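An overview of the molecular structure
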Amino acid sequence: MKLLAYELRKMLVGRFWIAALLTLIAASAVLFAQPWRLQSIGEINQTARQNSGFKPLYDFLSSASKDELDEYLSETGFSLDADAWEVSGLPLPNAGGSGRFLETVEGEFQVLQAYLPRYQRTYPQVIKSREDIVEMARYLGGSAYAEGDLYNTRLNLDIIRRYSEQPPLLLALSDGENDTPAFSVYFLTGWQSFFDFIWGDIFALILTLLVTARIFSLEKRSGSVLKSTLRGRKDTAAAKLFSACLVGGVFSLLFSALSFMMALLMYGMDGASSSILSLTPMMDTSPLTCTIGEAAWFFTFYKAFGAMCFALICAVFSCFLRSALTSYVAGSVLLGASLCWYYFLMPRASVPMVFRLLPDVTLWTRPVWMFSNYRVANIFNYPLLWVWLCLIFWLAVATLLFFAALRYWAARRLA
Amino acid sequence: MLELQSITKRYRSKTALDDVSLLLEPGIWGLLGPNGAGKSTMINIIAGLLAQTSGAVLWDGVNIDSLGASYRAALGFLPQSAGLYDYFTARQYLRYMCALKGLYTKPGERKKRELHISQMLETVNLTADADRRTRTFSGGMKQRLGIAQALLGNPKLIILDEPTSGLDPQERVRLRNAVAALAGSRLIIWATHIVSDIETIAHRVIMLKDGKCIAVGSPAELASGMDGQVWSLTIPAEKTDLYRANYTLGNIIVSGSAAQLRIIHNEKPHPDAVSAEPGLEDLYLLRYEEVSK
């Protein structure tokens, strides 16, 4: 532990890192807020809840039962294609700012509107599509079983198991059969923004690269002394690698926390207990059935794991290349190539997943995409979700690199 | 006891150490040789930092590769450049080195550790600067702190590579005395190209030339081999260049129009030349002058 603390200190001491951290935090906040979209910068501090004009509608929609909501929708004549919003029945804000980073009051309705059609149109579709998936899996699974196709039998059983499970919020819609639970409407814009915002994760990776790609090369002059001591070899190398992972993980968590805070301030973060399927249409066929809140924790740690892997790779570059400059170049190439890889290959569905996913070290920054569909690989006749396969792959790579770096640093070699 | 068995180190076409075999018993060993003689290569091999091409290094009869961490626990090492961390104070740096050396790591040993660190700082005359960041230190102060870390834990084997570089004469004397006092049952290897550093304190001297060990012995033994080869001669100052071209010269003292030369030659260079008491420096000049000629 003492060596770990010393390594952290050696790695992070200096004003440059504080300046770099603050700069990237500021950049992340600006990119999240996109203040150029504001009518007035003074609106930043207002939240959805502070917008008194909108609150009655919001409160009503938050607590409305399904029948009340249906009645409201039919009364208001809410239409997607309307040029101007005409709403009756409830007072609506008709002047001033929206209270959030939306340009006009209309923006409020655009946000609100995102639910109503989902409630009216998409949710039943979600349920139907999941039922269809299960039905198809039963059919294909049965055929596979009859043909003795072990993998496809297992694959379809897995699909049936995952898609038969009712997601939390969708349960509430199945009224009539149960106790007619109240239908809740939440603003998910905050969560959507939180999940969609990729820059915070990229900045976390950049900062991780800057800090960890010099962790061994900073011993260029002191390495001889270190390596001549009792704990200066494997223990010190392990402390360096662990501290790099720790820093990567903490940076990722820090930027995730920043995104959360920004989303909370700008949009509010209601609806944590809603199904993740209600987040975006992209998630309609997700194999996940957890709530948004659970997914937020899960995705945050998922991203942190990715940052830790990246930190370890940068630290290993530093160990093998023995120069801060070459390590920075190697780390930058890896990061840049991963992003290019993603943007170049991801739209090409014809490219096998193994090439699209595994080499991309930034895939961790896109958990929503990773979990948005049922994508599996055939591993010894067992279906394994690609997202877990990537995790296992990078865990294996990280473990291998960890021990390779340990061995390299401990060898009889001048620093 | 440290034993070097036929150590050879080759870097592609260059042989840095050529079949060096030595048995080093406790005491102060001076490792003497000009730049490029192979001192640092030998030091790094003994410190376990560099793999030899062939041969073996034994510590108390056991190969240091097999000993691993237990060998390093007995080792205190000062390389040519200690490479301190700018943002550590001297005391913090020594604390870090204690952690690396596994010294006083148990709970309740903090006071002992602080006392030991204070003693080391005192030894190298850095007590007053103990809580200053090392980036504010002069070259000499950094070197002294490097020496302090090598001495931490009173290791049985201390290797000092050019420890006096950057030190002023007062600090050199202080360091010499401190190292001399440490000797006892320890083995101290002091690599240098400055003869005066080790002449008075080394029990044995190893002379390296072109990667080969050319002489081993006590300073007195080595110097005695020069009996009848060191001369003192006073000549007109303008003739100095003539003598420099034909003989190996030691000190030259110019006084007015006369110059007093210390000439190293196996025959009397001039009828007026007077035999002088040979020293280690004379041997050094003779042996390594041959290289340059």
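Computed from a predicted structure; not experimentally measured. (Residues numbered from 1 in each chain as written. Chains lettered and ligands numbered in written order. Predicted model: local features only at pLDDT ≥ 70, side-chain atom pairs only at ≥ 80, totals over all residues. Heavy atoms only, no water.)

1. Quick look at the interface of chain B and chain A
- The interface is formed by 33 residues belonging to chain B together with 25 residues belonging to chain A.
- Buried area between chain B and chain A, summed over both chains or domains, comes out near 2700 Å², and the portion from carbon and sulfur atoms is 57%.
- The largest share of the area that chain B buries against chain A comes from Leu49, Arg72 and Leu100 of chain B, three residues that together contribute 25% of it.
- At the surface where chain B touches chain A, the tally comes to 0 salt bridges.
- Viewed at the interface, chain A and chain B are joined by 11 residue pairs in polar contact (both at pLDDT 80 or more).
- Of all the secondary structure elements, the ones that give two or more residues to the side of chain B that touches chain A are α1 (39-46), α2 (64-67), α3 (69-73), β6 (75-78) and α4 (90-101) of chain B.
- In terms of residue count, α4 of chain B provides more of the side of chain B that touches chain A than any other element does, 8 residues in total.
- Residues of the side of chain B that touches chain A, tallied by class, amount to 20 nonpolar, 8 polar and 5 charged. (Contact = heavy atoms within 4.5 Å. Buried area = accessible area lost by both parts, 1.4 Å probe. Salt bridge = Lys/Arg side-chain N within 4 Å of Asp/Glu carboxyl O. Polar contact = N/O pair within 3.5 Å; in protein donor to acceptor, adjacent residues only side chain to side chain. Helix = DSSP H or I, 4+ residues; strand = E, 2+ residues; numbered from the N terminus. Nonpolar A, V, L, I, M, F, W, Y, C, P; charged D, E, K, R; others polar.)

2. A closer look at the sheet that holds strand β10 (residues 212-217) of chain B
All names here are of chain B.
- Across the sheet, 6 strands lie side by side as β6-β7-β8-β3-β9-β10; this open sheet has mixed pairing. On the outer flanks of this sheet lie β6 and β10, each paired with one strand and no other. Adjacent strand axes in the sheet meet at a mean angle of 15°, parallel and antiparallel pairs treated alike.
- As defined by bridge partners, strand β3 (residues 27-32) adjoins strand β9 (residues 204-209) across 4 bridges and the pair is classed as parallel. (Pairing = 2+ DSSP bridges. Axes fitted to C-alpha atoms, helices over the stretch in contact; angles between N-to-C directions.)

3. Remarks on a nonpolar patch on the surface
All names here are of chain A.
- Residues Met136, Tyr139 and Leu140 make up a contiguous nonpolar surface patch of about 340 Å² in total accessible area.
- Tracing the backbone shows Met136 in helix α6 (residues 116-147).
- Look at Met136 and you get partly exposed, because its relative accessible area is 46%. (Patch = residues over 30% accessible without salt bridge, like charges linked within 9 Å, V, L, I, M, F, W, Y side chains within 5 Å. Areas by Shrake-Rupley, 256 points an atom, 1.4 Å probe, with all protein chains shown as cover. Buried < 20%, exposed > 50% of the residue type's maximum accessible area, 1.4 Å probe, protein only.)

4. Focus on the nonpolar core
- Formed by 152 residues in total, the largest nonpolar core has its most connected members in Phe195, Leu241, Ile276 and Met370 of chain A together with Tyr93, Leu145 and Met207 of chain B.
- A per-element tally of this core places helix α13 (residues 292-321) of chain A first, with 16 residues.
- Apart from residues lying up to four places away in sequence, Met370 of chain A is in contact with Tyr302, Leu357, Leu363, Arg375, Val387 and Cys390 of chain A. (Core = buried A, V, L, I, M, F, W, Y, C linked by side-chain atoms within 4.5 Å.)

5. Comments concerning the pairing of β3 of chain B
Residue and element names in this part refer to chain B.
- Most of β3 is tucked away, with 6 of its 6 residues classed as buried.
- As paired strands, β3 and strand β8 (residues 187-192) are joined by 6 bridges and run parallel to one another. If you follow Leu31 over to β8, its bridge partner there is Ala191.

6. Describing unusual backbone geometry
All names here are of chain B.
- Not every positive phi belongs to a glycine, and Tyr104 is a case in point at roughly 50°.
- Position of Tyr104 among the secondary structure elements: in the loop between α4 and α5 (110-123).
- Taking the relative accessible area as the measure of exposure, Tyr104 reaches 26% and is therefore partly exposed.

7. Some remarks on the sheet that holds strand β4 (residues 54-59) of chain B
Residue and element names in this part refer to chain B.
- Spatially, β2-β1-β4-β5 is the arrangement adopted by the 4 strands of the open sheet, whose pairing is antiparallel. With one partner strand each, in any of the chains shown, β2 (14-24) and β5 (62-63) form the two edges of the open sheet.
- When strand β1 (residues 2-11) meets β2, the two strands line up antiparallel, connected through 7 bridges. Bridging across to β2, Leu4 finds its partner in Leu22.
- The strands that α1 touches are β1, β2 and β4; relative to β1, the one it contacts most, it runs at about 125°.

8. Side note on helix α6 (residues 139-151) of chain B
- An ideal rise of 1.5 Å per residue puts 18 Å on 13 residues; α6 of chain B measures up with 19 Å between its terminal C-alpha atoms.
- Along α6 of chain B, 11 of the 13 residues are buried, which leaves the element largely enclosed by surrounding structure.
- For α6 of chain B, every residue scored as buried is listed here: Gly140, Met141, Gln143, Arg144, Leu145, Gly146, Ile147, Ala148, Gln149, Ala150 and Leu151 of chain B.
- Where α6 of chain B is buried, its residues touch α11 (223-227) of chain A together with β6, α4, α5, β7 (157-161) and α7 (169-182) of chain B.
- Gly153 of chain B sits one or two positions beyond α6 of chain B and adopts a positive phi of about 80°. (Expected span 1.5 Å × (residues − 1).)

9. Some points on the packing of α13 of chain A against helix α14 (residues 324-345) of chain A
All names here are of chain A.
- α14 packs onto α13 with a crossing angle of 145° between their chain directions and a minimal axis gap of 8 Å. As α13 runs across α14, the sense of the crossing is right-handed. Contact with α13, carried on its side by Phe310, Ile313, Cys314, Phe317, Ser318 and Leu321, involves Thr326, Ser327, Ala330, Gly331, Leu334 and Leu335 of α14 and no other residues of that element.
- A class-by-class count of the residues in the contact of α13 with α14 yields 8 nonpolar, 4 polar and no charged. (Left-handed = near helix turned anticlockwise from the far one by under 90°.)

10. Things to note about the side chain of Ser259 of chain A
- Tracing the chain through its elements places Ser259 of chain A in helix α12 (residues 234-267).
- With residues up to four places along the chain from it excluded, the contact list for Ser259 of chain A reads Phe32, Phe194 and Phe197 of chain A.

11. Notes on the packing of aromatic side chains
- One pass over the full model with this rule turns up 33 aromatic pairs over all chains.
- Their ring planes at 45° and their centres at 6.2 Å tell us that Phe298 of chain A and Tyr302 of chain A sit as a pair that is tilted. Here the residue Phe298 of chain A and the residue Tyr302 of chain A both occupy positions in helix α13, the gap between them amounting to 4 residues, near one helical turn.
- We classify Phe298 of chain A as partly exposed; its relative accessible area is 27%.
- Measuring from centroid to centroid gives 5.8 Å for Tyr85 of chain B and Tyr96 of chain B, while their planes differ by 65°, and the two rings are edge-to-face. Of the two residues, Tyr85 of chain B is situated in the loop between β6 and α4 and Tyr96 of chain B in helix α4; the sequence distance between them amounts to 11 residues. (Phe/Tyr/Trp six-rings, centres within 6.5 Å; stacked < 30°, edge-to-face > 60°.)

12. Looking at the confidence of the model for chain B
- Per-residue confidence for chain B averages 86 on the pLDDT scale, and 98% of its residues sit at or above 70.
- This complex was scored by the predictor with a pTM of 0.80 and an ipTM of 0.83. (pLDDT = per-residue confidence, 0-100.)

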